[in-house]
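What follows is the residue order along each chain.
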Amino acid sequence: SVRRERTALSTHIWLRAETKPAEKRTPLPPAHAGRLIDAGFRLTVEKSSQSVFPWKLYESTGCEIAAEHSWVRDAPADAIVLGLKELASSDAPLVHRHIHFAHVYKQQDGWGKFLGRFLEGGGCLYDLEFLVDEQGRRVAAFGYWAGFAGAALGLLAWAGHATNQQPVLNAVHSRPNQQVLLNDVSEAIAKTGRRPVALVIGALGRCGRGAVELCEAVGADVIKWDLEETRKGGPFEEILGVDVFLNCVFIGKSVPPFLTNDVLRTDSRKLSVVCDISCDPYGDYNPIPIYSQCTTFGDPVQMLMPEPNPLYLIAIDHLPSLLPQESSEDFCEQLIPHLMQLNNLEQGVWRRAHDLFCQKTSLIQIV
């Protein structure tokens, strides 16, 4: 295609390398970067030792290439710094406009300090989690792939427990595509000689749909709950009667917990694996207050209750990294129409995101 001529006034997007361990995803795959360049944007892409997409693919689309993590010193003040996960910890003021998942708007640990860096430097945050349309619906999300990956890991851990494997789930690594992951889970379940039963709460949402489709693809029985089934309010003792509980609910307000430690303390519990796919133990809205910290790809499972009836927890906050290529491409396909509007931040999702940033930073003064 014939690319539009870029000028000194072209909006400059700087795609930074991720710092979170094992994070291979990106909000902007090479093909989508090429579409932005075709539309007249200027793109700088940092080399990355983690990304599933080699930097040479970006270079071939016309992107400028920069050193890993060089945005801090080299990105022009007017560049928009695009990333996926939160920034590395620092006290340095933030002078740029940033787009990423910050995980601070629910007053998670350190939220005031982080947002204060923008106030000090004059920068701005456009949080990917809170890019919404006029009806308040998110315009881009990894939810489907979080559910798909979380269900896979939950069933793998269950199979490990059922076959007396120790640990029940080894360190997690990304898969080249979803069929490889489906094969891994199907083979693990086959070794148990059983058909697991999984309960999905939030089954009608994007995340829940991914979890349900993974379970059905590998032959697990699925119980699907959503608003109607949870209307009475928790805790829900029915969860104790399944093998795997998959929480796929995005919570934006305080609700009665789905599970509590008191409910779990019973000899009749069948439940052996909880996978909190929504994974927000640090905020005030966690509907599964039975744990206090996330697990990781390197150490994916925490034992919440010991033998002889152990209970295992998976709570990884970047589950779609299990399938980094597919999840990145799907996410950006949702996001790209809005990235195309970055040359006018006074409209659409960007205006609303800026207004929310101002609202949240105003709270710092009274905390």
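Up top is the structure.
Calculation criteria
- Residues numbered from 1 in each chain as written.
- Predicted model: local features only at pLDDT ≥ 70, side-chain atom pairs only at ≥ 80, totals over all residues.
- Heavy atoms only, no water.
- Axes fitted to C-alpha atoms, helices over the stretch in contact; angles between N-to-C directions.
- Helix = DSSP H or I, 4+ residues; strand = E, 2+ residues; numbered from the N terminus.
- Parallel < 35°, antiparallel > 145°, perpendicular 65-115°, else oblique.
- Left-handed = near helix turned anticlockwise from the far one by under 90°.
- Contact = heavy atoms within 4.5 Å.
- Nonpolar A, V, L, I, M, F, W, Y, C, P; charged D, E, K, R; others polar.
- Salt bridge = Lys/Arg side-chain N within 4 Å of Asp/Glu carboxyl O.
- Buried < 20%, exposed > 50% of the residue type's maximum accessible area, 1.4 Å probe, protein only.
- Arc of directions from axis to C-beta.

Caption draft 1: Summary view of the packing of helix α5 (residues 143-162) against helix α6 (residues 178-192). Where α5 meets α6, the axes come as close as 9 Å, and the angle between the chain directions of the two elements is 25°. Considered as vectors, α5 and α6 are oriented roughly parallel to each other. The two elements α5 and α6 cross, and the hand of that crossing is left-handed. For the pair α5 and α6, the contacting residues are W145, F148, A152, L155, L156, W158, A159 and A162 in the first and Q178, L181, L182, D184, V185, A188, I189 and T192 in the second. Grouping the constituent residues of the contact of α5 with α6 by class yields 13 nonpolar, two polar and one charged.

Caption draft 2: Local environment of the pattern of salt bridges. Tallying each qualifying case throughout the model produces 23 salt bridges. The partner of E18 in a salt bridge is R16, with the nearest N and O atoms 3.8 Å apart. Residue E18 is classed as buried on the basis of its relative accessible area, which comes to 5%. Overall, the relative accessible area of 5% leaves R16 in the buried class. In this structure, the salt-bridge partner of E228 is R231, at a minimum N-O distance of 3.0 Å.

Caption draft 3: Representation of helix α4 (residues 111-121) within the structure. By the burial criterion, the buried members of α4 are W111, F114, L115, R117 and F118. Viewed end-on, α4 has its buried residues packed into an arc of 135°, placing them on one side of the element. Among the exposed residues of α4, those oriented more than 90 degrees off its buried face are K113 and E120. The inward-facing, buried residues of α4 contact β5 (97-100), β6 (124-127) and α11 (348-362). Residue G122 follows α4 closely and has a positive phi angle near 85°.

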